[in-house]
Amino acid sequence: MQRSFNNTSAASIESSRIAHPIGTALDRFIKNNQAQFQYASGELSQLLRDIALASKVVNREVNKAGLIDIMGAVGSQNMAGDEQQKLDVLANIRFTRALAKGGEVCALVSEESESFVDLNNEGQYMIAIDPLDGSSNIDVNVSIGTIFSIYRRKSPAGTPIQQIDILQKGSDQVAAGYVLYGSSTMLVYTTGHGVNGFTYEPTLGEYFLSHPTMRIPEDGRIYSINEGLTNSFAAPVRDYIQFCKDENYSARYVGSLVADFHRNLLKGGIYIYPATAKDPNGKLRLMYECNALAYLAEQAGGSATTGKDRILDIELKDLHQRTAFYVGSRNMVEKAASFS
Ligand code: AHM
Ligand code: MG
């Protein structure tokens, strides 16, 4: 069944605003909302806290990225004599460690690992994560992000992890979100009851609610696509780009999925990564890039498709499966699809 925020009444949105004023600390927000979860045992709350904690550590590393070059390039040693590690590898280690220690996650799928990681515990959740997406932007001081999807494990806890625990459809997500390491660091997530955004206050070391009950405008005037690849797009994609130009839309493309998605979420817009000659199934990965953002988009009133089909309905066959990705304002995604 499609979990859609569109059915949520204006009154419940308003009551959520009243219950959680801007400035509410993340910990308090998670605690106050625990009763909303179907399995309100506190494990998912703790898992979200673990993610927030790991993101603070990664945020610190991201902010030091420029200095790392000064102190020694990748492959060399830093001043303390430690081997330097690439930031995306480091982020993977930080998140894996936090989630393994937390004990709520039994298995982890990551962009950085070929197969899933069995954490050998009784945890009830499976997580798919891209620890640091937009890696080409790391070295040039441009926004990057972490993307995560959380699922309930399907087989009984304590038994070996099975394929049905790992290869779950996007519509099975129980929570999803991203961290944007931008001019501010933000954590944006959903547990199926709307989308809320928290901004990190570095001097206090805490996230605070800054964007309650986020809604993506139904329409927008921004299109985000790597237009340099136009020659390898199919005709309907090229036609839609021409339509955007005819309408005098603004082209905005950071090249970091989280940053492009976040801007469009706030301002209205569409992000497209279609099939190309090089990547005939699209470039982006379903499990740890597209599904989370598709869930967030729908929860915020937007939509996400392959250009044809709903992203959250796609059957998973492979951990690193790719898909074409259209996400953003509902009317824009619909319009783009009408060119096919
Ligand atoms: P990555 O996982 O190697 O970082 O690739 C994903 C990134 C997205 O963040 C971004 O939207 C896209 O790839 C950019 O790709 P391109 O440079 O082909 O436009
Ligand atoms: Mg990625």
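Refer to the structure above for everything that follows.
Residues numbered from 1 in each chain as written. Chains lettered and ligands numbered in written order. Predicted model: local features only at pLDDT ≥ 70, side-chain atom pairs only at ≥ 80, totals over all residues. Heavy atoms only, no water.

Draft legend 1. Region of interest: the overall build of the chain. The number of helices and strands found in the chain is 10 helices and 15 strands. Partitioning the contacts of the chain with sequence separation of at least 6, the portion at a separation of at least 24 is 63%. For the chain, the accessible surface area stands at approximately 15000 Å², while carbon and sulfur atoms represent 49% of it. (Helix = DSSP H or I, 4+ residues; strand = E, 2+ residues; numbered from the N terminus. Contact = heavy atoms within 4.5 Å. Areas by Shrake-Rupley, 256 points an atom, 1.4 Å probe, with all protein chains shown as cover.)

Draft legend 2. Fine view of the coordination of the magnesium ion (ligand 2). Around the magnesium ion (ligand 2), the donor atoms from the protein are E111 (OE), D130 (OD), D133 (OD) and E289 (OE), and they sit 2.0 to 2.3 Å away. Each donor residue of the magnesium ion (ligand 2) belongs to the same chain, with the gaps between them written as E-x18-D-x2-D-x155-E. The burial state of D130 is the same as that of D133; both residues are buried. (Donors = N, O, S within 2.8 Å, 3.2 Å for Na, K, Ca; no water. Buried < 20%, exposed > 50% of the residue type's maximum accessible area, 1.4 Å probe, protein only.)

Draft legend 3. Looking closely at the site of ligand 1. Contacts to ligand 1 come from 16 residues, most closely from D133, Y253, L257, Y271 and Y273. Within the contact set of ligand 1, an oxygen atom lies 2.9 Å away from a side-chain nitrogen or oxygen of E111. With respect to ligand 1, the side chain of Y253 contributes an N or O atom lying 2.5 Å from an oxygen atom. In isolation ligand 1 offers 470 Å² of accessible surface; the protein chains occlude 82% of this area. For the shell around ligand 1, the secondary structure elements donating two or more residues are β3 (125-133), β11 (270-273) and β12 (284-285). Looking at the shell around ligand 1 residue by residue, the classes come out as 5 nonpolar, 5 polar and 6 charged. Shared between two domains, the shell around ligand 1 holds at least three residues of each, these being domain 1 (26-211) and domain 2 (222-337). (Near = heavy atom within 4 Å. Polar contact = N/O pair within 3.5 Å; in protein donor to acceptor, adjacent residues only side chain to side chain. Nonpolar A, V, L, I, M, F, W, Y, C, P; charged D, E, K, R; others polar. Domains from an automatic or database assignment.)

Draft legend 4. Layout of the pattern of salt bridges. For the structure on display, the rule yields 15 salt bridges. For the salt bridge of R60 with E61, the shortest nitrogen-to-oxygen distance reads 3.8 Å. Judged by its relative accessible area of 8%, E61 falls in the buried class. In this structure, K245 engages E227 in a salt bridge whose closest nitrogen and oxygen atoms are separated by 2.8 Å. Here K245, found in helix α7 (residues 235-246), pairs with E227, found in the loop between β9 (222-224) and α7; they are 18 residues apart in sequence, far enough to count as distant. One salt-bridge network, held together by shared partners, links R60, E61, K64 and R94. (Salt bridge = Lys/Arg side-chain N within 4 Å of Asp/Glu carboxyl O.)

Draft legend 5. Quick look at α7. In a regular helix each residue adds 1.5 Å, so 12 residues correspond to 16 Å; α7 covers 16 Å between its end C-alpha atoms and thus fits that length. On its buried side, α7 packs onto β9, β11, β15 (325-328) and α10 (330-337). Two residues or fewer past α7, N248 is found with a positive phi of approximately 60 degrees. (Expected span 1.5 Å × (residues − 1).)

Draft legend 6. Representation of the side chain of S224 within the structure. Structurally, S224 can be placed in strand β9. In this structure the side chain of S224 is engaged in a polar contact, spanning 3.0 Å, whose partner is the backbone oxygen of R252. For S224, the contacting residues outside a window of four places in its chain are R252, Y253, D260, R263, N264, I270, Y271 and I272.

Draft legend 7. Structural view of the sheet that holds β9. Pairing within the open sheet is mixed, and its 5 strands lie in the order β10-β9-β11-β15-β13. Of all strands in the sheet, those with a lone pairing partner are β10 (250-251) and β13 (303-305), marking the two edges. Lying over the sheet, helix α8 (residues 257-267) contacts β9, β11 and β15, oriented at roughly 165 degrees with respect to β9. Helix α9 (residues 286-299) contacts β13 and β15 of the sheet and is inclined by roughly 30 degrees relative to β15. (Pairing = 2+ DSSP bridges. Axes fitted to C-alpha atoms, helices over the stretch in contact; angles between N-to-C directions.)

Draft legend 8. Structural view of the pairing of strand β4 (residues 144-152). Taking burial as the measure, the 9 residues of β4 include 9 buried ones, the bulk of the element. Along β4, one buried face is formed by I144, T146, F148, I150 and R152 and the opposite face, lined by G145, I147, S149 and Y151, is buried too. One ladder, built from 7 bridges, connects β4 with strand β5 (residues 175-181); its direction is antiparallel. Considered in β5, the bridge of G145 is made with L180.

Draft legend 9. Just the packing of aromatic side chains, in detail. Counting across every chain of the model gives 11 aromatic pairs. On the basis of an interplanar angle of 85 degrees and a centroid distance of 5.8 Å, the ring pair of Y178 and F261 is categorised as edge-to-face. Here Y178 is found in strand β5, whereas its partner F261 is found in helix α8, with 83 residues between them in sequence. In this structure Y178 comes out as buried when scored by relative accessible area, which is 0%. Residue class for F261 comes out buried when judged on its relative accessible area of 3%. One aromatic cluster is present, formed by Y240, F243, Y249 and F339 through successive ring pairs. Directly above the ring of Y125 sits R152, whose terminal nitrogen or CZ lies 5.1 Å from the centroid. (Phe/Tyr/Trp six-rings, centres within 6.5 Å; stacked < 30°, edge-to-face > 60°. Lys NZ or Arg CZ within 6 Å of the ring centre and 35° of its normal.)

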